[in-house]
Amino acid sequence: MAAPLELSCWGGGWGLPSVHSESLVVMAYAKFSGAPLKVNVIDNTWRGSRGDVPILTTEDNIVSQPAKILNFLRKQKYNADYELSARQGADTLAYIALLEEKLLPAVLHTFWVENDNYFTVTKPWFASRIPFPLSLILPGRMSKGALNRILLTRGEPPLYHLQEVEAQIYRDAKECLNLLSHRLGTSQFFFGDMPSTLDAYVFGFLAPLYKVRFPKVQLQEHLKQLSNLCRFCDDILNSYFRHSLGDG
Amino acid sequence: MCNLPIKVVCRANAEYMSPSGKVPFIHVGNQVVSELGPIVQFVKAKGHSLSDGLDEVQKAEMKAYMELVNNMLLTAELYLQWCDEATVGEITHARYGSPYPWPLNHILAYQKQWEVRRKMKAIGWGKKTLDQVLEDVDQCCQALSQRLGTQPYFFNKQPTELDALVFGHLYTILTTQLTSDELSEKVKNYSNLLAFCRRIEQHYFEDRGKGSSSIRLS
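Here the structure is a predicted model, which means the values were calculated and not measured.

Draft legend 1. Region of interest: the sheet that holds strand β3 (residues 55-57) of chain A. Residues and elements named next belong to chain A. A sheet is described by the order of its strands in space; here four strands give the open sequence β2-β1-β3-β4, paired in mixed fashion. The sheet is open, and its two borders are formed by β2 (37-41) and β4 (62-64), each paired with just one other strand. Averaged over all pairs of adjacent strands, the angle between strand axes in this sheet comes to 25°, irrespective of strand direction. Relative to β4, β3 runs antiparallel, the two being bridged by three bridges. In the sheet register, I55 faces β4, and the bridge partner there is S64. Where helix α1 (residues 21-33) meets the sheet, it contacts β1 (5-9) and β2, and its direction lies at approximately 150° from that of β1.

In structure tokens, the structure reads:
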């Protein structure tokens, strides 16, 4: 527990400590569980790696992917879920699956595939944080990866036109947001008064959607109508991230 | 579970007949609807629904658990069928290509395998080992087992589409012969899930005289 834990992740903006969902999930979980993380924001020097971010480094380990990082932190006794019942633990897995299947495609689309958003906001933001000449290649690759993931998980390319897939994924995402809103109700967090893994995931996926200023905003508009979800994000930002608002 | 009269037909080109490229699909009058989600919606529009009695929070939970099954069990099944070399060589290739003459059987099987591998890579399962996949299945079964508890169905007395989905996957895992029993062993570790499958099989399938293979309990 004394070994320093370093997290490499994408930086922040628009009032968020990070604009990257997966990085945000890990940062939120670390705050909730009290894990002392030293956050290394990726910038446009050649220091540090860029692929597969977020990455947690300790003296002897390198862990990538949010699920694995959270598992690692739990094994180090930083556990935000120890007060949950077995049933609540099961619910956590189920809701995370819901987020990944129904919300993630539309979030990926909003950031990386929707042309207006990608070219005016996402690409310039990421390119400014990647050293030249990688900045010419990496954002394009991330965009293709996102499009690929959407098409492969949402039907077979020859049979589906991209527009039909788009309509479907936004419908699914809006339904997912509605379901989350119903589930949260008037509680502060998803399982009572203390935030847990599920809260970290929901925050990680919702906060960038909520705060980043995009030209094409249909999903954002829908989210803003669900006031309890917005309040949820704002509460976490104010309580846990007040001192580490990122650079614009 | 809805008491609807259906006739099950097996066709080799089922995947091509389906509007979305996925099976199963139902053919009603002049309409064709494929995949569980749309079929449930379609049946609901015609006045039959299993989940009308649930409140909003329960509906959210039901949808979440259905996604968990799709996310973990379905993907694990696909992985085992198409990315595990032993299974692919011994069982899947032969089974998938069996309705077609040579060389179509090989070509189609390889094409499907390539497609599935692409998908696995896109969602981050490309680098998983078989052990990790089995661990994920175990986690998923544990979650389902905890949610089911001692109830007869996931939402107590009445079955819903979640029960149908879970039954479909677990029954297939338990009754399909693979190169090793590891996958079905994972499910068998949870006695309430076994009892659940047995109950549904007896209640909905054996009573109608459809004598499908019963679940082996070892």
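Draft legend 2. Geometry of a negative patch on the surface. Residue and element names in this part refer to chain B. Side chains of D131, E135, D181, E182 and E185 sit close together on the surface and give a patch of like negative charge. At the level of secondary structure, the elements contributing two or more residues to the negative patch comprise α6 (130-148) and α8 (182-188). Relative to the assigned elements, E135 resides in helix α6. E135 gets classed as exposed once you look at its relative accessible area, which sits at 56%.

Draft legend 3. Broad picture of empty space enclosed by the protein. All names here are of chain A. On inspection of all chains with the given rule, the structure shows one cavity of 30 Å³ or more. As a volume, the largest cavity reaches approximately 50 Å³. Taken together, W14, V19, F111, V121, T122, W125, F126 and V212 make up the full set of residues lining the largest cavity. Here the lining of the largest cavity gets four residues from one element, more than from any other, and that element is helix α4 (residues 115-127). Tallied by class, residues from the lining of the largest cavity come to seven nonpolar, one polar and no charged.

Draft legend 4. Layout of the packing of aromatic side chains. According to the stated counting rule, one finds 14 aromatic pairs over all chains in the structure shown. Taking 6.0 Å as the distance between ring centres and 45° as the angle between the ring planes, the aromatic pair formed by A:W112 and A:Y118 counts as tilted. The pair A:W112 / A:Y118 is uniform in exposure class, with both members buried. Three or more aromatic residues joined by ring pairs form one cluster here, namely A:W10, A:W112, A:Y118, A:F119, A:W125 and A:F126. Sitting over the ring of A:W125, A:R129 keeps its end group 3.8 Å from the ring centre. Between B:R147 and the ring centre of B:F155, over which it is positioned, the NZ or CZ distance is 4.8 Å.

Draft legend 5. Focus on the nonpolar core. With 131 residues, the main nonpolar core has A:L103, A:F203, A:F232, B:L144 and B:F196 as its most contacted residues. Among the elements that make up this core, the one with the highest residue count is helix α3 (residues 86-113) of chain A (15 residues). Aside from chain neighbours lying at most four places away, what touches A:L103 is A:L98, A:A173, A:C176, A:L177, A:F205 and A:L206.

What counts, and at which threshold
- Residues numbered from 1 in each chain as written.
- Chains lettered and ligands numbered in written order.
- Predicted model: local features only at pLDDT ≥ 70, side-chain atom pairs only at ≥ 80, totals over all residues.
- Heavy atoms only, no water.
- Pairing = 2+ DSSP bridges.
- Helix = DSSP H or I, 4+ residues; strand = E, 2+ residues; numbered from the N terminus.
- Axes fitted to C-alpha atoms, helices over the stretch in contact; angles between N-to-C directions.
- Contact = heavy atoms within 4.5 Å.
- Patch = residues over 30% accessible without salt bridge, like charges linked within 9 Å, V, L, I, M, F, W, Y side chains within 5 Å.
- Areas by Shrake-Rupley, 256 points an atom, 1.4 Å probe, with all protein chains shown as cover.
- Salt bridge = Lys/Arg side-chain N within 4 Å of Asp/Glu carboxyl O.
- Lys, Arg positive; Asp, Glu negative; His and termini not counted.
- Charge placed at Lys NZ, Arg CZ, Asp CG, Glu CD.
- Buried < 20%, exposed > 50% of the residue type's maximum accessible area, 1.4 Å probe, protein only.
- 1 Å grid on protein atoms, 1.4 Å probe; cavity = no way out; pocket = protein on both sides within 12 Å on 5 of 7 lines; lining within 4 Å.
- Points joined across faces, edges and corners; volume = space filled by probe spheres on them.
- Nonpolar A, V, L, I, M, F, W, Y, C, P; charged D, E, K, R; others polar.
- Phe/Tyr/Trp six-rings, centres within 6.5 Å; stacked < 30°, edge-to-face > 60°.
- Lys NZ or Arg CZ within 6 Å of the ring centre and 35° of its normal.
- Core = buried A, V, L, I, M, F, W, Y, C linked by side-chain atoms within 4.5 Å.

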